[in-house]
Amino acid sequence: MKARSVRWGVLAASMALALTACGGNSENRLETGTDVPVDPNAQFEPGTTMAKLKQSGTIRIGTKFDQPLFGLKGLDGNPQGFDVEIGKIVAAGLGLPADRIEWVEAPSKTREELIEQGRVDMVVATYTINDKRKQRISFAGPYYEAGQDLMVSADDDTITGPESLRPTGAKVCSVTGSTPAEQIKQYVDPENLTLFDVYSKCADALRTGQVQAVTTDNVILMGLVQKGNGRFKLVDRQFTKEPYGVGVKKGDTAFCRFIDDTLTRAEADGQYAKSWGATAGKVSPETPPLPQLDPCS
Amino acid sequence: MHVITDNLPLYLSGLLRTLQICLYAGLIALVLGTVIAAFRVAPLPPLRATGTSWVTVFRNCPLTVVLFFMAFGLPELGLNGSYFWFGTIGLALYTSAFVCEAIRSGINAVPPGQAEAARAIGLGFGQVLSLVVLPQAIRTVVPPLGNVFIAMIKNSAIVGAFGVGGDLFAVGDTLTSARGEAVLPVLIGVVLGYLVITIPAGLLLGALERKVAIAR
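Going by the annotation in an unreviewed UniProt entry, the name recorded for chain A is Glutamate ABC transporter substrate-binding protein, with Saccharopolyspora gregorii given as the source organism.

Participant: Would you explain helix α7 (residues 125-140) of chain B in this entry?
Facilitator: Think of an α-helix as turning once every 3.6 residues; residues three or four places apart then point the same way. Residue and element names in this part refer to chain B. Given a rise of 1.5 Å per residue, 16 residues ought to cover 22 Å, and the 21 Å separating the end C-alpha atoms of α7 matches this to within 8%. Where α7 bends most, at V133, the angle is about 50 degrees, and the proline P135 comes one to four residues later. All of the buried residues in α7 are V128, L129, V132, V133, L134, Q136 and A137. Packing partners of the buried residues in α7 comprise α2 (8-40), α5 (83-109) and α6 (112-120).

Participant: Can you walk me through the state of the cysteines in this structure?
Facilitator: In a disulfide, the sulfur atoms of two cysteines are covalently bonded to one another. Across all of its chains, the model carries two disulfides over all chains by this definition. Between C173(A) and C202(A) runs a disulfide, and the two sulfur atoms are separated by 2.1 Å. When the S-S torsion is -70 degrees, as for the bridge of C173(A) with C202(A), the disulfide is left-handed. Placement of C173(A) in strand β9 (residues 172-175) and of C202(A) in helix α8 (residues 199-207) is noted, with a sequence separation of 29 residues between them. Taking relative accessible area as the criterion, C202(A) reaches 0% and is therefore assigned buried. In chain A, the bonded cysteines, taken in the order they occur along the sequence, pair up as 1-2, 3-4. Here C61(B) is not cross-linked by a disulfide; its sulfur's nearest cysteine counterpart is in C100(B), at 16 Å. Overall, C61(B) belongs to the partly exposed group, its relative accessible area being 24%. Taking relative accessible area as the criterion, C100(B) reaches 0% and is therefore assigned buried.

Participant: Would you mind going over α5(B) with me for this structure?
Facilitator: Residues and elements named next belong to chain B. The terminal C-alpha atoms of α5, which comprises 27 residues, lie 39 Å apart, in line with the 39 Å expected from a rise of 1.5 Å per residue. Remark: the principal bend of α5, roughly 25 degrees, maps to T95. With 20 of its 27 residues buried, α5 lies for the most part within the structure.

Rules and cut-offs
- Residues numbered from 1 in each chain as written.
- Chains lettered and ligands numbered in written order.
- Predicted model: local features only at pLDDT ≥ 70, side-chain atom pairs only at ≥ 80, totals over all residues.
- Heavy atoms only, no water.
- Helix = DSSP H or I, 4+ residues; strand = E, 2+ residues; numbered from the N terminus.
- Expected span 1.5 Å × (residues − 1).
- Bend = angle between axes of the 7 residues up to and from the residue.
- Buried < 20%, exposed > 50% of the residue type's maximum accessible area, 1.4 Å probe, protein only.
- Contact = heavy atoms within 4.5 Å.
- Disulfide = S-S within 2.5 Å.

Right, dumping it as C-alpha coordinates:
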(Lines give C-alpha, C1' and ligand atoms only; values in the text may rest on other atoms or scores of the structure.)
Protein backbone atom coordinates (compact mmCIF):
# COMPACT_ATOMS: atom_id res chain seq x y z
CA MET A 1 0.00 0.00 0.00
CA LYS A 2 2.83 2.30 0.95
CA ALA A 3 4.75 1.65 -2.25
CA ARG A 4 1.64 2.37 -4.22
CA SER A 5 1.02 5.75 -2.62
CA VAL A 6 4.64 6.68 -3.31
CA ARG A 7 4.08 5.82 -6.94
CA TRP A 8 0.99 8.01 -7.11
CA GLY A 9 3.00 10.78 -5.52
CA VAL A 10 5.68 10.40 -8.16
CA LEU A 11 3.03 10.43 -10.84
CA ALA A 12 1.37 13.55 -9.50
CA ALA A 13 4.71 15.30 -9.22
CA SER A 14 5.77 14.32 -12.71
CA MET A 15 2.49 15.44 -14.20
CA ALA A 16 2.79 18.77 -12.41
CA LEU A 17 6.30 19.05 -13.85
CA ALA A 18 5.09 18.20 -17.32
CA LEU A 19 2.33 20.76 -17.04
CA THR A 20 4.82 23.48 -16.19
CA ALA A 21 6.53 22.67 -19.51
CA CYS A 22 9.31 20.78 -17.74
CA GLY A 23 10.96 24.12 -17.05
CA GLY A 24 11.95 23.30 -13.51
CA ASN A 25 15.58 23.36 -12.63
CA SER A 26 17.17 24.27 -15.95
CA GLU A 27 16.60 27.96 -15.39
CA ASN A 28 18.54 28.19 -12.15
CA ARG A 29 21.67 26.65 -13.62
CA LEU A 30 22.98 29.54 -15.66
CA GLU A 31 25.57 29.06 -18.27
CA THR A 32 28.12 31.69 -17.55
CA GLY A 33 29.57 32.32 -21.00
CA THR A 34 32.91 34.04 -21.52
CA ASP A 35 34.29 37.55 -21.63
CA VAL A 36 35.40 38.14 -25.18
CA PRO A 37 38.30 40.61 -25.47
CA VAL A 38 37.17 43.63 -27.49
CA ASP A 39 39.32 44.93 -30.33
CA PRO A 40 39.74 48.63 -29.47
CA ASN A 41 41.57 49.57 -32.69
CA ALA A 42 39.08 48.16 -35.17
CA GLN A 43 39.12 50.31 -38.32
CA PHE A 44 36.73 49.98 -41.23
CA GLU A 45 36.24 51.54 -44.61
CA PRO A 46 33.57 54.23 -44.46
CA GLY A 47 30.21 53.17 -45.79
CA THR A 48 30.51 49.51 -44.83
CA THR A 49 28.13 47.83 -42.38
CA MET A 50 31.05 47.42 -39.98
CA ALA A 51 31.85 51.15 -39.96
CA LYS A 52 28.19 51.99 -39.45
CA LEU A 53 27.83 49.56 -36.55
CA LYS A 54 31.04 50.73 -34.90
CA GLN A 55 29.96 54.32 -35.17
CA SER A 56 26.46 53.70 -33.83
CA GLY A 57 28.00 51.89 -30.87
CA THR A 58 25.35 49.14 -30.78
CA ILE A 59 24.53 46.02 -32.72
CA ARG A 60 21.21 44.16 -32.86
CA ILE A 61 21.67 40.41 -33.01
CA GLY A 62 18.84 37.94 -33.54
CA THR A 63 19.08 34.64 -31.65
CA LYS A 64 16.87 31.93 -30.17
CA PHE A 65 15.64 32.48 -26.62
CA ASP A 66 14.49 28.92 -26.10
CA GLN A 67 17.37 26.78 -27.30
CA PRO A 68 19.41 25.54 -24.30
CA LEU A 69 23.20 25.64 -24.76
CA PHE A 70 22.92 27.75 -27.94
CA GLY A 71 20.57 30.63 -27.26
CA LEU A 72 18.53 30.53 -24.06
CA LYS A 73 17.19 33.58 -22.27
CA GLY A 74 17.35 32.96 -18.55
CA LEU A 75 15.65 34.79 -15.71
CA ASP A 76 18.36 37.49 -15.69
CA GLY A 77 17.24 38.53 -19.19
CA ASN A 78 20.55 37.89 -20.93
CA PRO A 79 20.64 35.07 -23.45
CA GLN A 80 23.37 32.47 -22.97
CA GLY A 81 24.80 29.85 -25.27
CA PHE A 82 27.17 29.13 -28.11
CA ASP A 83 25.20 31.20 -30.65
CA VAL A 84 25.30 34.09 -28.20
CA GLU A 85 29.07 33.60 -27.86
CA ILE A 86 29.48 33.79 -31.63
CA GLY A 87 27.47 37.03 -31.57
CA LYS A 88 29.75 38.40 -28.85
CA ILE A 89 32.85 37.43 -30.86
CA VAL A 90 31.60 39.28 -33.94
CA ALA A 91 30.62 42.33 -31.86
CA ALA A 92 34.04 42.33 -30.17
CA GLY A 93 35.66 42.36 -33.61
CA LEU A 94 33.69 45.51 -34.32
CA GLY A 95 35.01 47.08 -31.14
CA LEU A 96 31.70 46.59 -29.28
CA PRO A 97 31.64 44.96 -25.83
CA ALA A 98 28.91 42.50 -24.91
CA ASP A 99 26.81 45.10 -23.10
CA ARG A 100 26.43 47.04 -26.36
CA ILE A 101 24.56 44.15 -27.97
CA GLU A 102 20.80 44.33 -28.24
CA TRP A 103 19.45 40.77 -28.34
CA VAL A 104 16.34 40.19 -30.43
CA GLU A 105 14.38 36.94 -30.36
CA ALA A 106 14.61 35.23 -33.75
CA PRO A 107 12.29 32.19 -33.89
CA SER A 108 12.75 29.88 -36.87
CA LYS A 109 9.70 31.12 -38.76
CA THR A 110 10.61 34.83 -38.86
CA ARG A 111 14.41 34.87 -39.24
CA GLU A 112 14.41 35.89 -42.91
CA GLU A 113 11.88 38.66 -42.26
CA LEU A 114 13.95 40.08 -39.39
CA ILE A 115 16.99 40.40 -41.66
CA GLU A 116 15.12 41.64 -44.73
CA GLN A 117 13.28 44.32 -42.79
CA GLY A 118 16.49 45.50 -41.10
CA ARG A 119 15.17 44.82 -37.60
CA VAL A 120 18.44 43.05 -36.77
CA ASP A 121 21.98 43.47 -38.11
CA MET A 122 22.67 39.75 -38.10
CA VAL A 123 21.11 36.47 -36.97
CA VAL A 124 22.91 33.69 -35.08
CA ALA A 125 20.15 31.25 -34.26
CA THR A 126 20.91 27.58 -35.05
CA TYR A 127 20.33 28.72 -38.62
CA THR A 128 20.97 25.94 -41.15
CA ILE A 129 22.45 27.20 -44.43
CA ASN A 130 20.37 26.05 -47.40
CA ASP A 131 19.67 27.19 -50.94
CA LYS A 132 16.07 28.15 -50.30
CA ARG A 133 17.11 30.60 -47.58
CA LYS A 134 20.07 31.87 -49.63
CA GLN A 135 17.58 33.30 -52.12
CA ARG A 136 16.48 35.83 -49.50
CA ILE A 137 19.53 36.43 -47.31
CA SER A 138 23.30 35.82 -47.28
CA PHE A 139 25.16 33.54 -44.89
CA ALA A 140 28.56 33.99 -43.29
CA GLY A 141 30.20 30.89 -41.89
CA PRO A 142 29.32 28.12 -41.21
CA TYR A 143 30.60 28.46 -37.66
CA TYR A 144 29.36 25.03 -36.57
CA GLU A 145 28.14 21.90 -38.26
CA ALA A 146 25.22 20.32 -36.45
CA GLY A 147 23.68 17.01 -37.48
CA GLN A 148 20.92 14.61 -36.62
CA ASP A 149 21.87 12.34 -33.75
CA LEU A 150 20.30 9.91 -31.28
CA MET A 151 19.73 10.28 -27.55
CA VAL A 152 19.50 7.10 -25.50
CA SER A 153 19.45 6.07 -21.85
CA ALA A 154 22.80 6.64 -20.14
CA ASP A 155 23.24 2.89 -19.58
CA ASP A 156 22.32 1.81 -23.13
CA ASP A 157 25.26 0.36 -25.07
CA THR A 158 23.32 -1.45 -27.78
CA ILE A 159 22.39 1.60 -29.85
CA THR A 160 25.53 2.94 -31.48
CA GLY A 161 24.09 4.74 -34.49
CA PRO A 162 21.10 4.80 -36.82
CA GLU A 163 22.05 1.43 -38.37
CA SER A 164 21.74 -0.31 -35.01
CA LEU A 165 18.10 0.73 -34.57
CA ARG A 166 16.52 -1.89 -36.81
CA PRO A 167 18.56 -4.90 -35.58
CA THR A 168 17.81 -4.07 -31.95
CA GLY A 169 14.13 -3.42 -32.68
CA ALA A 170 14.43 -0.11 -30.87
CA LYS A 171 11.49 2.26 -30.72
CA VAL A 172 12.41 5.81 -31.73
CA CYS A 173 10.71 9.07 -30.83
CA SER A 174 10.67 12.38 -32.69
CA VAL A 175 8.39 15.34 -33.39
CA THR A 176 5.43 15.13 -35.79
CA GLY A 177 6.23 16.66 -39.16
CA SER A 178 9.84 17.55 -38.38
CA THR A 179 12.65 16.97 -40.87
CA PRO A 180 14.46 14.58 -38.47
CA ALA A 181 11.27 12.50 -38.22
CA GLU A 182 11.27 12.15 -42.02
CA GLN A 183 15.00 11.36 -42.18
CA ILE A 184 14.85 8.58 -39.58
CA LYS A 185 12.21 6.67 -41.55
CA GLN A 186 14.94 5.02 -43.63
CA TYR A 187 16.40 3.50 -40.45
CA VAL A 188 13.27 2.36 -38.56
CA ASP A 189 10.00 0.66 -39.45
CA PRO A 190 6.91 2.89 -39.22
CA GLU A 191 5.43 0.92 -36.32
CA ASN A 192 8.55 1.60 -34.25
CA LEU A 193 8.44 5.34 -34.82
CA THR A 194 6.62 7.33 -32.13
CA LEU A 195 5.73 10.96 -32.77
CA PHE A 196 4.81 13.72 -30.31
CA ASP A 197 4.33 17.45 -30.70
CA VAL A 198 7.34 18.46 -28.58
CA TYR A 199 10.67 16.84 -27.71
CA SER A 200 10.13 17.02 -23.95
CA LYS A 201 7.40 14.36 -24.35
CA CYS A 202 9.91 12.18 -26.21
CA ALA A 203 12.36 12.59 -23.34
CA ASP A 204 9.63 11.45 -20.94
CA ALA A 205 8.87 8.42 -23.12
CA LEU A 206 12.58 7.54 -23.09
CA ARG A 207 12.71 7.91 -19.32
CA THR A 208 9.80 5.50 -18.78
CA GLY A 209 11.16 3.00 -21.30
CA GLN A 210 8.36 3.45 -23.81
CA VAL A 211 10.97 4.23 -26.46
CA GLN A 212 14.69 3.45 -26.61
CA ALA A 213 15.92 6.50 -28.55
CA VAL A 214 15.03 10.11 -29.34
CA THR A 215 16.23 11.66 -32.56
CA THR A 216 16.66 15.21 -33.86
CA ASP A 217 19.53 17.67 -34.39
CA ASN A 218 22.31 17.06 -31.87
CA VAL A 219 22.07 20.60 -30.46
CA ILE A 220 18.45 20.08 -29.33
CA LEU A 221 19.38 16.69 -27.88
CA MET A 222 22.26 18.27 -25.97
CA GLY A 223 19.76 20.53 -24.22
CA LEU A 224 17.62 17.48 -23.32
CA VAL A 225 20.67 15.59 -22.06
CA GLN A 226 21.52 18.53 -19.83
CA LYS A 227 17.97 18.63 -18.44
CA GLY A 228 17.96 14.85 -17.94
CA ASN A 229 20.34 15.02 -14.97
CA GLY A 230 22.51 12.12 -16.09
CA ARG A 231 19.68 9.86 -17.25
CA PHE A 232 20.38 10.32 -20.96
CA LYS A 233 23.40 10.49 -23.23
CA LEU A 234 24.14 11.34 -26.85
CA VAL A 235 25.19 8.53 -29.16
CA ASP A 236 27.37 11.25 -30.76
CA ARG A 237 27.30 9.91 -34.30
CA GLN A 238 25.75 12.54 -36.52
CA PHE A 239 24.23 11.18 -39.70
CA THR A 240 23.08 14.36 -41.47
CA LYS A 241 24.85 17.68 -42.01
CA GLU A 242 23.26 20.93 -40.82
CA PRO A 243 25.83 23.72 -41.24
CA TYR A 244 24.90 26.70 -39.06
CA GLY A 245 25.58 30.13 -40.57
CA VAL A 246 25.30 33.75 -39.56
CA GLY A 247 22.47 35.39 -41.48
CA VAL A 248 23.12 38.87 -42.88
CA LYS A 249 21.41 41.11 -45.41
CA LYS A 250 21.39 39.65 -48.92
CA GLY A 251 24.52 40.67 -50.83
CA ASP A 252 26.42 42.29 -47.94
CA THR A 253 29.66 40.49 -48.89
CA ALA A 254 31.92 42.90 -46.99
CA PHE A 255 30.14 42.16 -43.69
CA CYS A 256 30.09 38.46 -44.54
CA ARG A 257 33.87 38.45 -45.15
CA PHE A 258 34.44 40.37 -41.93
CA ILE A 259 32.44 37.76 -39.96
CA ASP A 260 34.36 34.93 -41.65
CA ASP A 261 37.71 36.59 -40.79
CA THR A 262 36.60 37.15 -37.20
CA LEU A 263 35.59 33.47 -36.91
CA THR A 264 38.93 32.32 -38.32
CA ARG A 265 40.78 34.57 -35.87
CA ALA A 266 38.63 33.36 -32.97
CA GLU A 267 39.57 29.78 -33.77
CA ALA A 268 43.27 30.65 -34.03
CA ASP A 269 43.44 32.54 -30.72
CA GLY A 270 41.44 29.95 -28.81
CA GLN A 271 38.33 32.06 -28.18
CA TYR A 272 36.20 29.68 -30.29
CA ALA A 273 37.24 26.70 -28.15
CA LYS A 274 36.76 28.72 -24.95
CA SER A 275 33.26 29.73 -26.00
CA TRP A 276 32.35 26.12 -26.84
CA GLY A 277 33.71 24.88 -23.53
CA ALA A 278 31.65 27.42 -21.57
CA THR A 279 28.37 26.52 -23.31
CA ALA A 280 27.59 23.44 -25.43
CA GLY A 281 30.92 21.91 -24.37
CA LYS A 282 29.37 21.12 -21.01
CA VAL A 283 27.42 18.34 -22.72
CA SER A 284 29.68 17.61 -25.70
CA PRO A 285 33.19 18.27 -24.34
CA GLU A 286 35.15 17.78 -27.54
CA THR A 287 35.53 21.15 -29.29
CA PRO A 288 34.35 20.87 -32.90
CA PRO A 289 36.70 22.19 -35.59
CA LEU A 290 35.59 25.40 -37.29
CA PRO A 291 34.00 24.09 -40.54
CA GLN A 292 35.35 25.05 -43.95
CA LEU A 293 33.87 28.50 -44.59
CA ASP A 294 31.59 29.01 -47.59
CA PRO A 295 32.50 31.78 -50.07
CA CYS A 296 30.61 35.01 -49.46
CA SER A 297 28.10 35.97 -52.11
CA MET B 1 -4.59 20.85 -55.26
CA HIS B 2 -1.44 19.17 -56.58
CA VAL B 3 -0.42 18.53 -53.00
CA ILE B 4 -3.34 16.15 -52.50
CA THR B 5 -2.95 14.21 -55.73
CA ASP B 6 0.86 14.07 -55.40
CA ASN B 7 0.67 12.71 -51.88
CA LEU B 8 -2.31 10.40 -52.29
CA PRO B 9 -0.54 7.32 -50.85
CA LEU B 10 0.39 9.32 -47.74
CA TYR B 11 -3.18 10.55 -47.35
CA LEU B 12 -4.47 7.00 -47.82
CA SER B 13 -2.14 5.62 -45.16
CA GLY B 14 -3.36 8.34 -42.81
CA LEU B 15 -6.96 7.50 -43.63
CA LEU B 16 -6.30 3.85 -42.90
CA ARG B 17 -4.70 4.65 -39.55
CA THR B 18 -7.59 6.89 -38.54
CA LEU B 19 -10.06 4.18 -39.58
CA GLN B 20 -8.18 1.63 -37.50
CA ILE B 21 -8.25 3.84 -34.42
CA CYS B 22 -11.96 4.58 -34.89
CA LEU B 23 -12.95 1.00 -35.54
CA TYR B 24 -11.26 -0.39 -32.43
CA ALA B 25 -12.20 2.55 -30.22
CA GLY B 26 -15.81 2.45 -31.48
CA LEU B 27 -16.21 -1.28 -30.78
CA ILE B 28 -14.69 -1.04 -27.32
CA ALA B 29 -16.77 2.05 -26.50
CA LEU B 30 -20.00 0.39 -27.65
CA VAL B 31 -19.48 -2.72 -25.52
CA LEU B 32 -18.18 -0.78 -22.53
CA GLY B 33 -20.88 1.88 -22.80
CA THR B 34 -23.63 -0.77 -22.88
CA VAL B 35 -22.20 -2.52 -19.82
CA ILE B 36 -21.92 0.77 -17.92
CA ALA B 37 -25.50 1.66 -18.93
CA ALA B 38 -26.61 -1.70 -17.50
CA PHE B 39 -24.70 -0.84 -14.31
CA ARG B 40 -26.50 2.49 -14.07
CA VAL B 41 -29.95 0.87 -14.09
CA ALA B 42 -28.94 -2.16 -12.04
CA PRO B 43 -30.78 -2.87 -8.76
CA LEU B 44 -27.49 -3.17 -6.82
CA PRO B 45 -26.31 0.18 -5.37
CA PRO B 46 -22.55 -0.57 -5.76
CA LEU B 47 -23.03 -1.24 -9.46
CA ARG B 48 -25.03 1.95 -9.87
CA ALA B 49 -22.35 3.91 -8.03
CA THR B 50 -19.66 2.44 -10.29
CA GLY B 51 -21.60 3.36 -13.40
CA THR B 52 -22.30 6.88 -12.16
CA SER B 53 -18.69 7.57 -11.24
CA TRP B 54 -17.46 6.17 -14.56
CA VAL B 55 -19.69 8.53 -16.50
CA THR B 56 -18.91 11.46 -14.22
CA VAL B 57 -15.16 10.99 -14.60
CA PHE B 58 -14.94 10.36 -18.34
CA ARG B 59 -17.65 12.75 -19.46
CA ASN B 60 -16.22 15.67 -17.51
CA CYS B 61 -12.53 15.07 -18.13
CA PRO B 62 -11.08 16.68 -21.29
CA LEU B 63 -10.02 14.06 -23.82
CA THR B 64 -6.46 15.41 -23.87
CA VAL B 65 -6.18 14.80 -20.13
CA VAL B 66 -7.47 11.23 -20.49
CA LEU B 67 -4.98 10.62 -23.31
CA PHE B 68 -2.18 12.32 -21.37
CA PHE B 69 -2.82 9.99 -18.46
CA MET B 70 -2.83 6.95 -20.77
CA ALA B 71 0.40 7.91 -22.56
CA PHE B 72 2.42 9.35 -19.68
CA GLY B 73 0.71 8.23 -16.48
CA LEU B 74 0.50 4.50 -17.13
CA PRO B 75 4.20 4.09 -18.06
CA GLU B 76 4.99 6.01 -14.85
CA LEU B 77 3.10 3.30 -12.95
CA GLY B 78 5.22 0.67 -14.66
CA LEU B 79 2.66 -0.28 -17.30
CA ASN B 80 4.31 -0.17 -20.70
CA GLY B 81 2.50 -0.76 -23.95
CA SER B 82 2.08 0.49 -27.46
CA TYR B 83 1.00 4.09 -27.92
CA PHE B 84 -1.53 2.92 -30.50
CA TRP B 85 -3.42 0.99 -27.82
CA PHE B 86 -2.92 3.64 -25.14
CA GLY B 87 -4.47 6.20 -27.48
CA THR B 88 -7.23 3.95 -28.82
CA ILE B 89 -8.27 2.75 -25.36
CA GLY B 90 -8.17 6.31 -24.03
CA LEU B 91 -10.50 7.41 -26.80
CA ALA B 92 -12.73 4.37 -26.14
CA LEU B 93 -12.97 5.11 -22.39
CA TYR B 94 -13.88 8.72 -23.07
CA THR B 95 -16.46 7.79 -25.71
CA SER B 96 -17.95 5.00 -23.57
CA ALA B 97 -19.34 7.60 -21.14
CA PHE B 98 -21.32 9.23 -23.95
CA VAL B 99 -22.43 5.87 -25.37
CA CYS B 100 -23.64 4.91 -21.90
CA GLU B 101 -25.73 8.05 -21.55
CA ALA B 102 -27.25 7.63 -25.02
CA ILE B 103 -28.22 4.05 -24.25
CA ARG B 104 -29.56 4.99 -20.83
CA SER B 105 -31.85 7.52 -22.47
CA GLY B 106 -33.06 4.69 -24.72
CA ILE B 107 -33.69 2.49 -21.70
CA ASN B 108 -35.76 5.26 -20.13
CA ALA B 109 -37.78 5.49 -23.34
CA VAL B 110 -38.87 1.84 -23.10
CA PRO B 111 -42.34 1.80 -21.48
CA PRO B 112 -42.09 0.52 -17.87
CA GLY B 113 -44.79 -1.99 -18.62
CA GLN B 114 -42.36 -3.94 -20.78
CA ALA B 115 -39.99 -4.57 -17.88
CA GLU B 116 -42.84 -5.20 -15.47
CA ALA B 117 -44.36 -7.76 -17.80
CA ALA B 118 -40.99 -9.45 -18.24
CA ARG B 119 -40.48 -9.61 -14.49
CA ALA B 120 -44.04 -10.93 -14.05
CA ILE B 121 -43.27 -13.99 -16.17
CA GLY B 122 -40.27 -14.71 -13.93
CA LEU B 123 -37.27 -13.29 -15.77
CA GLY B 124 -34.34 -12.06 -13.70
CA PHE B 125 -32.76 -8.60 -14.02
CA GLY B 126 -30.16 -9.79 -16.52
CA GLN B 127 -32.77 -11.42 -18.70
CA VAL B 128 -35.16 -8.48 -18.50
CA LEU B 129 -32.39 -6.15 -19.59
CA SER B 130 -30.75 -8.26 -22.30
CA LEU B 131 -33.87 -9.87 -23.79
CA VAL B 132 -36.55 -7.22 -23.43
CA VAL B 133 -35.32 -3.74 -22.58
CA LEU B 134 -31.94 -3.33 -24.33
CA PRO B 135 -33.04 -4.60 -27.76
CA GLN B 136 -35.79 -1.99 -27.77
CA ALA B 137 -33.61 0.71 -26.20
CA ILE B 138 -30.76 0.45 -28.69
CA ARG B 139 -33.13 0.65 -31.64
CA THR B 140 -34.47 3.98 -30.45
CA VAL B 141 -31.06 5.54 -29.84
CA VAL B 142 -29.45 5.01 -33.25
CA PRO B 143 -29.43 8.77 -34.07
CA PRO B 144 -27.82 9.94 -30.79
CA LEU B 145 -25.35 7.04 -30.93
CA GLY B 146 -24.50 8.13 -34.45
CA ASN B 147 -23.67 11.61 -33.15
CA VAL B 148 -21.45 10.11 -30.48
CA PHE B 149 -19.52 8.05 -33.03
CA ILE B 150 -19.09 10.89 -35.50
CA ALA B 151 -17.78 13.05 -32.67
CA MET B 152 -15.41 10.19 -31.83
CA ILE B 153 -14.10 10.04 -35.40
CA LYS B 154 -13.24 13.73 -35.22
CA ASN B 155 -11.73 13.32 -31.76
CA SER B 156 -9.39 10.69 -33.16
CA ALA B 157 -7.32 13.59 -34.54
CA ILE B 158 -6.21 14.26 -30.96
CA VAL B 159 -5.12 10.66 -30.46
CA GLY B 160 -2.46 11.15 -33.15
CA ALA B 161 -0.76 13.77 -30.99
CA PHE B 162 -0.14 11.22 -28.23
CA GLY B 163 2.45 9.07 -29.88
CA VAL B 164 0.15 7.17 -32.21
CA GLY B 165 1.24 9.09 -35.28
CA GLY B 166 0.55 8.39 -38.91
CA ASP B 167 -3.13 9.29 -38.67
CA LEU B 168 -4.87 11.62 -41.08
CA PHE B 169 -4.22 14.74 -39.02
CA ALA B 170 -0.52 13.89 -38.55
CA VAL B 171 -0.21 13.50 -42.33
CA GLY B 172 -1.09 17.19 -42.58
CA ASP B 173 1.68 18.05 -40.12
CA THR B 174 4.21 16.04 -42.08
CA LEU B 175 3.34 17.74 -45.35
CA THR B 176 3.39 21.29 -43.97
CA SER B 177 6.39 21.13 -41.63
CA ALA B 178 8.85 18.65 -43.05
CA ARG B 179 8.06 19.01 -46.74
CA GLY B 180 7.29 22.73 -46.66
CA GLU B 181 3.96 22.49 -48.49
CA ALA B 182 1.45 25.35 -48.25
CA VAL B 183 -0.86 24.91 -45.28
CA LEU B 184 -4.24 25.55 -46.90
CA PRO B 185 -4.33 22.87 -49.66
CA VAL B 186 -2.85 20.33 -47.24
CA LEU B 187 -5.59 21.00 -44.71
CA ILE B 188 -8.26 20.82 -47.40
CA GLY B 189 -6.94 17.33 -48.12
CA VAL B 190 -7.15 16.43 -44.44
CA VAL B 191 -10.73 17.71 -44.22
CA LEU B 192 -11.69 15.72 -47.31
CA GLY B 193 -10.18 12.65 -45.66
CA TYR B 194 -12.37 13.03 -42.59
CA LEU B 195 -15.43 13.65 -44.75
CA VAL B 196 -14.69 10.41 -46.60
CA ILE B 197 -15.15 8.63 -43.27
CA THR B 198 -17.89 10.65 -41.60
CA ILE B 199 -20.35 11.17 -44.47
CA PRO B 200 -20.68 7.46 -45.37
CA ALA B 201 -20.87 6.72 -41.65
CA GLY B 202 -23.76 9.17 -41.38
CA LEU B 203 -25.54 7.66 -44.39
CA LEU B 204 -25.05 4.17 -42.98
CA LEU B 205 -26.51 5.21 -39.65
CA GLY B 206 -29.45 6.84 -41.43
CA ALA B 207 -30.18 3.61 -43.30
CA LEU B 208 -29.80 1.61 -40.09
CA GLU B 209 -32.20 3.96 -38.32
CA ARG B 210 -34.88 3.47 -40.99
CA LYS B 211 -34.40 -0.28 -40.82
CA VAL B 212 -34.61 -0.78 -37.07
CA ALA B 213 -36.81 2.11 -35.98
CA ILE B 214 -39.84 1.08 -33.98
CA ALA B 215 -43.00 3.10 -33.95
CA ARG B 216 -44.45 3.69 -30.54
